[in-house]
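Given next are the chains, with one letter for each unit.
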Amino acid sequence: MTAAADAVSHEADRLTELDSAIGDADHGGNVRRGFEAVREELGEDVPGTPGAVLMTAGRKLVSTVGGASGPLYGTLLRRTGKALGTGERVGREELAAALRTGIDAVAQLGGAAAGDKTMLDALYPAVEALADSGGKDFEAARAAAERGAEETVPLQARKGRASYLGERSIGHQDPGATSAALLVAALAAADAGQEAATSDSGGSE
Ligand code: ADP
Ligand code: MG
């Protein structure tokens, strides 16, 4: 969550720039405000399990972000956290499966499908790359999410504010897919850090 807050805060201007082309120029501010609130909340009190951390973070996003991305990312984190259950440690495969559940919940809440030019166009390729690697390769997930975000450029938006533009939404990268790729990259970076920290003992958690 700290890496996520760092990433979206660092890229907030670019996200808002993308949202000014096909939306209302608030996406960077929205995700920055949300994830900084998450950072602050977790700085005061860290819940005891990874699942509870994600559920707390998700609730915070819903309560602090007014735009569409607040409830959508809030749902992603809450439902992923809920799917993780109460284990004190979480393995990669477990996290990959829980992410799939969280992403399906985002699709259900927003009614969007792959190719609608939304955050799902980065999130689905990420979980597919994880599935292809047996739930292990978060670096592949990062690359797939980034590619997915780039591949939203030629798409016409069919959900969210950008869909009001019709064909004029073509030719711009979707802001939500771009922030989603940043979140997956933060996850991959955290995983790589964890790997370095546990490689001495051969751990895979
Ligand atoms: P708003 O559109 O309310 O201003 P944001 O600018 O914070 O909210 O977020 C916009 C992003 O939210 C879009 O770029 C898109 O990726 C995502 N989004 C919007 N509607 C949906 C939806 N129904 N399903 C999935 N993602 C969506
Ligand atoms: Mg917006």
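Parameters and conventions
- Residues numbered from 1 in each chain as written.
- Chains lettered and ligands numbered in written order.
- Predicted model: local features only at pLDDT ≥ 70, side-chain atom pairs only at ≥ 80, totals over all residues.
- Heavy atoms only, no water.
- Salt bridge = Lys/Arg side-chain N within 4 Å of Asp/Glu carboxyl O.
- Helix = DSSP H or I, 4+ residues; strand = E, 2+ residues; numbered from the N terminus.
- Buried < 20%, exposed > 50% of the residue type's maximum accessible area, 1.4 Å probe, protein only.
- Axes fitted to C-alpha atoms, helices over the stretch in contact; angles between N-to-C directions.
- Parallel < 35°, antiparallel > 145°, perpendicular 65-115°, else oblique.
- Left-handed = near helix turned anticlockwise from the far one by under 90°.
- Contact = heavy atoms within 4.5 Å.
- Nonpolar A, V, L, I, M, F, W, Y, C, P; charged D, E, K, R; others polar.
- 1 Å grid on protein atoms, 1.4 Å probe; cavity = no way out; pocket = protein on both sides within 12 Å on 5 of 7 lines; lining within 4 Å.
- Points joined across faces, edges and corners; volume = space filled by probe spheres on them.
- Near = heavy atom within 4 Å.
- Polar contact = N/O pair within 3.5 Å; in protein donor to acceptor, adjacent residues only side chain to side chain.
- Areas by Shrake-Rupley, 256 points an atom, 1.4 Å probe, with all protein chains shown as cover.
- Sits in = over half its atoms within 2 Å of the grid points.

Student: Summarise the pattern of salt bridges; cite the residues concerned and give the values.
Tutor: Scanning the entire structure with this criterion turns up ten salt bridges. K60 serves as the salt-bridge partner of E41, at 3.3 Å between the closest nitrogen and oxygen. In this pair, E41 is assigned in helix α3 (residues 27-44) and K60 in helix α4 (residues 50-64), connecting sequence segments 19 residues apart. Look at E41 and you get partly exposed, because its relative accessible area is 30%. Taking the relative accessible area as the measure of exposure, K60 reaches 24% and is therefore partly exposed. R92 is the salt-bridge partner of D191, the closest N and O atoms lying 2.7 Å from each other. Here D191, found in helix α9 (residues 175-198), pairs with R92, found in helix α6 (residues 92-110); they are 99 residues apart in sequence, far enough to count as distant. Across the pair, R92 and D191 agree in class, each one buried.

Student: Hey, could you go over the packing of helix α8 (residues 138-150) against α9 for me, with residue numbers and the actual values?
Tutor: Contact pair α8 / α9: the axes reach a minimum separation of 8 Å and the direction vectors enclose 165 degrees. Relative to α9, the element α8 is oriented roughly antiparallel. Where α8 crosses over α9, the two elements pack in a sense that is left-handed. In this structure, α8 uses F138, E139, A141, R142, A145, E146 and A149 to contact α9, whose residues at the interface are A177, T178, A181, V184, A185, L187, A188 and D191. Along the lines of polarity and charge, the residues of the contact of α8 with α9 split into ten nonpolar, one polar and four charged.

Student: Can you break down the layout of surface pockets residue by residue, with the values?
Tutor: A volume near 950 Å³ is recorded for the largest pocket. Listed by contribution, the elements that provide at least two residues to the lining of the largest pocket are α1 (2-10), α4, α5 (69-84), α6, α7 (120-132), α8 and α9. The class makeup of the residues in the lining of the largest pocket is 26 nonpolar, four polar and five charged. Its boundaries defined by the atoms lining it, the second largest pocket holds a volume of some 580 Å³. Lining of the second largest pocket is provided by 29 residues; of these, A68, S69, L72, G160 and R161 occupy positions nearest its centre.

Student: How would you sum up the site of ligand 1? Please name residues and give values.
Tutor: In the neighbourhood of ligand 1, 20 residues make up the surrounding shell, with H27, N30, A68, S69 and D174 lying closest. Separating an oxygen atom of ligand 1 from a side-chain N or O atom of S69 is a distance of 2.6 Å. One nitrogen or oxygen atom from the side chain of D174 is found 2.5 Å from an oxygen atom belonging to ligand 1. Protein contacts shield 92% of the accessible area of ligand 1, which totals 560 Å² for the unbound molecule. Judged by the fraction of its atoms near the pocket grid, ligand 1 is located in the second largest pocket. When residues of the shell around ligand 1 are traced back to their parent elements, those giving at least two are α3, α5 and α9. Tallied by class, residues from the shell around ligand 1 come to six nonpolar, eight polar and six charged.

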